[in-house]
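Below, each chain spelled out in residue letters.
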Amino acid sequence: VSCAKRAKTPNSELLFLPFRVLLAELEAHQDAWPFLSPVKLKSVPGYRKVIKKPMDFFTIKEKLINNMYLNQENFIIDVNLVFDNCQKFNEDDSEIGQAGHRMKRFFDKRWTELLRKQ
Ligand SMILES: Cn1cc(C(=O)NCCN)ccc1=O
């Protein structure tokens, strides 16, 4: 995913290291399976219509690697988009809905721990 929105500043690895670490933890989580790659719009009826801005962990990783996040905010916005989309499309008591709630709780916890360190 290379695109025009590349960040102007040189890719200061150090600045984005916490995001890469955090993203790796999200991807390794046992409940990450619904979010690892883009939802297949052709095989999930209604998804394209209901979810205006699909997002997933693989796409976020691509954007990180291509230095497309200008600041912390944009990274957080995309991660939260994954969980908000999930809550919008899936019942809370569904398999994927439950996985989304668990992943969001895990992310919020790790994000605060990471921030408190700084
Ligand atoms: C996040 N999410 C994922 C799926 C899905 O089918 N993922 C493929 C898992 N292999 C369907 C709806 C949804 O909201």
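Figured I'd write up the structure that's included with this text.

How each quantity is defined
Residues numbered from 1 in each chain as written. Predicted model: local features only at pLDDT ≥ 70, side-chain atom pairs only at ≥ 80, totals over all residues. Heavy atoms only, no water. Buried < 20%, exposed > 50% of the residue type's maximum accessible area, 1.4 Å probe, protein only. Helix = DSSP H or I, 4+ residues; strand = E, 2+ residues; numbered from the N terminus. Polar contact = N/O pair within 3.5 Å; in protein donor to acceptor, adjacent residues only side chain to side chain. Axes fitted to C-alpha atoms, helices over the stretch in contact; angles between N-to-C directions. Parallel < 35°, antiparallel > 145°, perpendicular 65-115°, else oblique. Contact = heavy atoms within 4.5 Å. Near = heavy atom within 4 Å. Areas by Shrake-Rupley, 256 points an atom, 1.4 Å probe, with all protein chains shown as cover. Nonpolar A, V, L, I, M, F, W, Y, C, P; charged D, E, K, R; others polar. Salt bridge = Lys/Arg side-chain N within 4 Å of Asp/Glu carboxyl O. Core = buried A, V, L, I, M, F, W, Y, C linked by side-chain atoms within 4.5 Å.

Details of helix H3 (residues 57-65)
Logical step 1: By the burial criterion, the buried members of H3 are Phe57, Ile60, Glu62, Lys63 and Leu64.
Logical step 2: Regarding H3, its N-cap is Asp56, as a side-chain oxygen of that residue lies 2.9 Å from the backbone nitrogen of Phe58 further along.
Logical step 3: Backbone geometry just downstream of H3 places Asn67 in the positive-phi region, at approximately 55 degrees.

A word on the packing of H3 against helix H4 (residues 72-89)
Logical step 1: The contact between H3 and H4 brings their axes to 10 Å, and the two run at 170 degrees. Looking at the two axes, H3 sits roughly antiparallel to H4. Of the residues in H4, those touching H3 at Phe57, Ile60, Lys63 and Leu64 are Phe75, Asp78, Val79, Val82 and Phe83.

Examining the site of the ligand
Logical step 1: Contacts to the ligand come from Pro34, Phe35, Val39, Tyr47, Phe89, Asn90 and Ile96.
Logical step 2: Contact between the ligand and Asn90: an oxygen atom at 2.9 Å from a side-chain N or O atom of the residue.
Logical step 3: Burial of the ligand by the surrounding chains reaches 69%, relative to a free accessible area of 370 Å².
Logical step 4: Of the residues contributing to the shell around the ligand, the split by class is six nonpolar, one polar and no charged.

Describing the pattern of salt bridges
Logical step 1: With the rule as written, the count across this model stands at seven salt bridges.
Logical step 2: Taking the shortest distance from any N to any O, the salt bridge between Lys61 and Glu27 comes out at 3.3 Å. Here Lys61 is found in helix H3, whereas its partner Glu27 is found in helix H1 (residues 13-28), with 34 residues between them in sequence.
Logical step 3: The exposure class assigned to Lys61 is partly exposed, which follows from its relative accessible area of 31%.
Logical step 4: Arg102 is the partner of Asp31 in a salt bridge, and the nearest nitrogen-oxygen pair spans 2.7 Å. Taken together, the residues span a long stretch of sequence, with Asp31 in the loop between H1 and helix H2 (47-50) and Arg102 in helix H5 (residues 95-117) at a distance of 71 residues.

Re the environment of Asp84
Logical step 1: Following the sequence through the fold, Asp84 ends up in helix H4.
Logical step 2: Residue Asp84 is classed as partly exposed on the basis of its relative accessible area of 45%.
Logical step 3: It is 9.8 Å that separates the C-alpha atoms of Asp84 and Met55, two residues lying 29 residues apart in sequence.

Quick look at the environment of Phe106
Logical step 1: Along the chain, Phe106 falls in helix H5.
Logical step 2: Along the backbone, Phe106 and Glu62 are 44 residues apart, and their C-alpha atoms lie at a distance of 22 Å.

Here we look at the nonpolar core
Logical step 1: By size, the foremost hydrophobic cluster in this structure holds 23 residues, and its most contacted members are Phe57, Ile60, Phe75 and Phe107.
Logical step 2: For this core, the elements supplying multiple residues, two or more each, are H1, H3, H4 and H5.
Logical step 3: Once residues within four sequence positions are removed from consideration, Ile60 is found in contact with Leu23, Met55, Tyr69, Phe75, Asp78, Val79 and Val82.

Note that every value here comes from positions in space, so none of it alone points to a role or purpose.
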